[in-house]
Amino acid sequence: MANNPNPGPKLIELGISLLGSRERVLAAIQCSEEALRAYERGEKELPIDELGNLLGAIIDAQQRLIRVRREALKKLQPLQSEA
C-alpha cells in the first residue's frame, strides 16, 4: 500500500463524522461539489483556504463535543458523591 501524503481525504472523512453530513463539510469548505469529490478521492489537494475552513469546522465541532461531555460529567458528579 502506497503512503498517501495528501491528508485531504482523511480530514474530509473526519469532518463528515464530526459535522454530521457531507453537505455541512461542503458548506464549511466553501467549494464546489465537483471539487469536494476530487478532494475526497485524493485527486486534488485542498487549497490552503479550504483546508483552513475545514480545520476550523473540525475544531469547532470538537469543542462543542467537549463542552457537551463536560456538562454531562458535571451532572454525574453529584450522583457519584451520593453513592
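Everything below is about the structure printed above this text.
*Asks:* Please clarify how the side chain of Ser21 should be interpreted in this entry.
*Replies:* Within the fold, Ser21 resides in the loop between helix 1 (8-19) and helix 2 (22-29). For Ser21, a relative accessible area of 18% corresponds to the buried category.

*Asks:* How should the pattern of salt bridges be read in this particular structure?
*Replies:* In a structure, side chains of opposite charge can pair up when their charged atoms sit close to one another. Taken as a whole and assessed by the stated rule, the structure comprises five salt bridges. As a salt-bridge pair, Glu43 and Arg41 come within 2.8 Å of each other at their nearest N and O atoms. Residue Arg41 is classed as exposed on the basis of its relative accessible area, which comes to 52%. A salt bridge links Glu71 to Lys74, with the shortest nitrogen-to-oxygen separation between them at 3.8 Å. Here Glu71 pairs with Lys74, and both are found in helix 4 (residues 48-82), just three residues apart, close to one helical turn. The class of Glu71 is partly exposed, set by a relative accessible area of 40%. A relative accessible area of 51% places Lys74 in the exposed class.

*Asks:* When you look at helix 3 (residues 33-41) in this model, what are you seeing that I'm missing?
*Replies:* Spacing of three or four residues puts side chains on the same side of an α-helix, whose turn is 3.6 residues. Buried within helix 3 we find Ala35, Leu36, Ala38 and Tyr39. Considered in projection along helix 3, the buried side chains sweep an arc of 160° and stay on one side of the axis. Relative to its buried face, helix 3 has exposed residues pointing more than 90 degrees away, namely Glu34 and Arg41. Two residues or fewer past helix 3, Gly42 is found with a positive phi of approximately 80°.

*Asks:* How do you make sense of the nonpolar core when you look at a structure like this?
*Replies:* It is characteristic of soluble globular proteins that their nonpolar side chains tend to be buried jointly. If you look at the biggest cluster of nonpolar residues, it comprises 16 residues, and the most contacted ones within it are Ile12, Val25, Ile29, Cys31, Leu36 and Leu54. Elements that contribute at least two residues to this core include exactly helix 1, helix 2, helix 3 and helix 4. Once residues within four sequence positions are removed from consideration, Leu54 is found in contact with Leu11, Ile12, Gly15, Val25, Ile29 and Leu46.

Rules and cut-offs
Residues numbered from 1 in each chain as written. Predicted model: local features only at pLDDT ≥ 70, side-chain atom pairs only at ≥ 80, totals over all residues. Heavy atoms only, no water. Helix = DSSP H or I, 4+ residues; strand = E, 2+ residues; numbered from the N terminus. Buried < 20%, exposed > 50% of the residue type's maximum accessible area, 1.4 Å probe, protein only. Salt bridge = Lys/Arg side-chain N within 4 Å of Asp/Glu carboxyl O. Arc of directions from axis to C-beta. Core = buried A, V, L, I, M, F, W, Y, C linked by side-chain atoms within 4.5 Å. Contact = heavy atoms within 4.5 Å.

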